[in-house]
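Single-letter residue listing:
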Amino acid sequence: MTTDLTDLTITQARDKLRAGDISAVQLTQAHLDRIHALDPQIRAFLTITDEKALDAAAQADQRRQQGDDAPLLGIPLAIKDVLITKGVPTTCGSHILEGFVPPYTGTAVQKLFDAGAVMLGKTNTDEFAMGSSTENSGYFTTHNPWDLDRVPGGSSGGSAAAVAAGMALGALGTDTGGSVRQPAALCGISAIKPSYGRVSRYGLIAFASSLDQIGTFGRTVEDVALLLGTIAGHDPRDSTSMPLPVPDYSAALTGDIRGLRIGVPKEYFIGGLQPEIERAVRAAIEQMAAGGAEVCEISLPHTEYALPVYYLIAPSEASANLARFDGVRYGPRHSQGEMWPTYKATRGQGFGHEVKRRIMLGTYALSAGYYDAYYLKAQKVRTLIKQDFEQAFEKVDVILSPTTPTTAFKIGEKADDPLQMYLSDVFTLSASLAGIVGAVVPCGYDDDGLPIGLQVIGPAFDEPTVLRAAHAYQQATDWHTRRPPL
Ligand code: GLN
């Protein structure tokens, strides 16, 4: 019974709840049981909120009895620990926020709660979402459910691992340069990073404000679409959220891709790409052609600059955003009596190596004399990257590519080599810089049985087309039905 309930998709669980076959309390308890059985090895959760989850589930059951049929009523989900949750510790994976209990809940999470969702806990992340493996978490590393010696990806590795391991039916993550898409690919699940401005960032603790977006994880594109539809929309508390109506994403999943124009960027099939990934992605493209899509090769000529541009802009913004962590307003204070020594001690002890590296890179790039050469130049090249996509989308509806250059790597393999680590996101950074949509669907496994993810990129605010393409592919394949050997 228990394993059955944790193996459902959100849509299947919703049907069972609606039919009265199961209760939200049963469903939630099954997930908590699985978390307590598996998480000591996987370590996806920084905080598990058993009691709050069971209370919320009981409330959901009550609401249902009263005739409520909210879209996520009684659905247990995991939330990345960079998203603010009232009364529940929120650390960003950093010691500088150890013990911080926010006084409010961010918009996206609140929307999930309003739709009846049950939060199981807060998931592990690289500190302040800076990383690709969860190894930069100040607390511990999350393990990939497909191979416990390997990373789950990052920074939303805890959320992705939780969903892959059946410890949550779905999850929220955040993506600044790939942190939703890369862990989804490495854990063999589906996900979307929506357009910049599609989801409110209110209550998302900022890493790089011009890039950060909340994204959704699920075992199917259908679930990912359902979650996105719940959290999307304009929010007066986030001036960068777009005042646009939210389309019915679930209705977009027609299964029909006849005539869909697919572009395959030649710059994404480069040296260093694991051959099994290239094979799986090319096979997926052929499969979509067989489904009636029209495929052509395209060029995104400024792709090679995405990595350097991202690593100037993101640290620059981070260096400004992280100035607020001073031991006065949030988190522990390492008091030295005087103000400056206290700041120094608090930040010196609270931040980990990667965060310090980014703050130094960012302050350097923004400093007088270097601003024009680095930050301003990076902004200009960012525009060129955006224009590459605009030109491509005159000819094609979506772009298909690998999500990552390799499948899940070993824990420790890249931990001491920041450049190698940064390269994990080489295929996801461009869509973040351009503010456009990127979704991921499982499209195969390598020779070691590790999952491979197909990236579907689409124009800003065209989530419906991206989801339709990803769903149609998923309908025609069964990669997403495999489960890790736990
Ligand atoms: N891995 C990238 C970084 O370290 C992207 C992280 C993210 O999207 N939050 O910055």
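For the structure, check the block above.
Reading guide: rules and limits
- Residues numbered from 1 in each chain as written.
- Predicted model: local features only at pLDDT ≥ 70, side-chain atom pairs only at ≥ 80, totals over all residues.
- Heavy atoms only, no water.
- Helix = DSSP H or I, 4+ residues; strand = E, 2+ residues; numbered from the N terminus.
- Rg over C-alpha atoms; globule rule 2.2 N^0.38 Å.
- Buried < 20%, exposed > 50% of the residue type's maximum accessible area, 1.4 Å probe, protein only.
- Contact = heavy atoms within 4.5 Å.
- Areas by Shrake-Rupley, 256 points an atom, 1.4 Å probe, with all protein chains shown as cover.
- Near = heavy atom within 4 Å.
- Polar contact = N/O pair within 3.5 Å; in protein donor to acceptor, adjacent residues only side chain to side chain.
- Nonpolar A, V, L, I, M, F, W, Y, C, P; charged D, E, K, R; others polar.
- Pairing = 2+ DSSP bridges.
- Axes fitted to C-alpha atoms, helices over the stretch in contact; angles between N-to-C directions.

Caption draft 1: Broad picture of the overall build of the chain. On a plain count of helices and strands, the chain comes out with 16 helices and 11 strands. Relative to the 2.2 N^0.38 estimate, which gives 23 Å for 486 residues, the radius of gyration of the chain is 21 Å and therefore close to what a compact globule would have. Within the span of the chain, comprising 486 residues, buried residues form 60% of the whole. A sequence separation of at least 24 residues applies to 76% of the contacts in the chain between residues at least 6 apart. On the chain, roughly 17,800 Å² of surface is accessible, and the fraction owed to carbon and sulfur atoms is 51%.

Caption draft 2: Region of the structure containing the site of the ligand. Taken together, 15 residues sit near the ligand, with G177, S179, Y310, R358 and D425 positioned nearest. Take A129: an N or O atom from its main chain is 2.8 Å from a nitrogen atom of the ligand. A distance of 2.9 Å is found between an oxygen atom of the ligand and a backbone nitrogen or oxygen belonging to G131. Relative to its unbound accessible surface of 290 Å², the ligand loses 100% to contact with the protein. Among the residues making up the shell around the ligand, the classes are represented as 5 nonpolar, 7 polar and 3 charged.

Caption draft 3: Layout of the sheet that holds strand β6 (residues 213-218). Read across the sheet, 11 strands follow the order β1-β3-β2-β4-β6-β5-β10-β11-β9-β7-β8 without closing on themselves; strand pairing throughout is mixed. This sheet does not close on itself; its edge strands, each paired only once, are β1 (45-48) and β8 (294-298). Across the sheet, the axes of successive neighbouring strands diverge by a mean angle of 30°, strand direction being ignored. With 3 bridges connecting them, strand β5 (residues 190-193) and β6 associate as antiparallel partners. Residue pairing across strands places S190 opposite G218, the latter belonging to β6. The strands touched by helix α9 (residues 275-290) are β7 (261-265), β8, β9 (398-402), β10 (437-445) and β11 (451-458); relative to β11, the strand with the most contacts, the crossing angle is about 55°. Against the sheet, helix α16 (residues 463-476) touches β5, β9, β10 and β11, its axis set at about 10° to β10.

Caption draft 4: Representation of unusual backbone geometry within the structure. The step from G154 to S155 runs through a cis peptide bond, and the omega angle for that step is 5°. With respect to the element layout, S155 can be found in the loop between β3 (118-123) and α6 (157-164). Residues other than glycine seldom take positive phi values, yet R43 does so here, at roughly 60°. If you trace the backbone, R43 turns up in the loop between α3 (24-42) and β1. Assessed through its relative accessible area of 35%, R43 is described here as partly exposed. Positive phi, close to 60°, is recorded for C92, a residue that is not glycine. Here C92 shows up in the loop between β2 (76-80) and α5 (107-114). Judged by relative accessible area, which is 0%, C92 ranks as buried.

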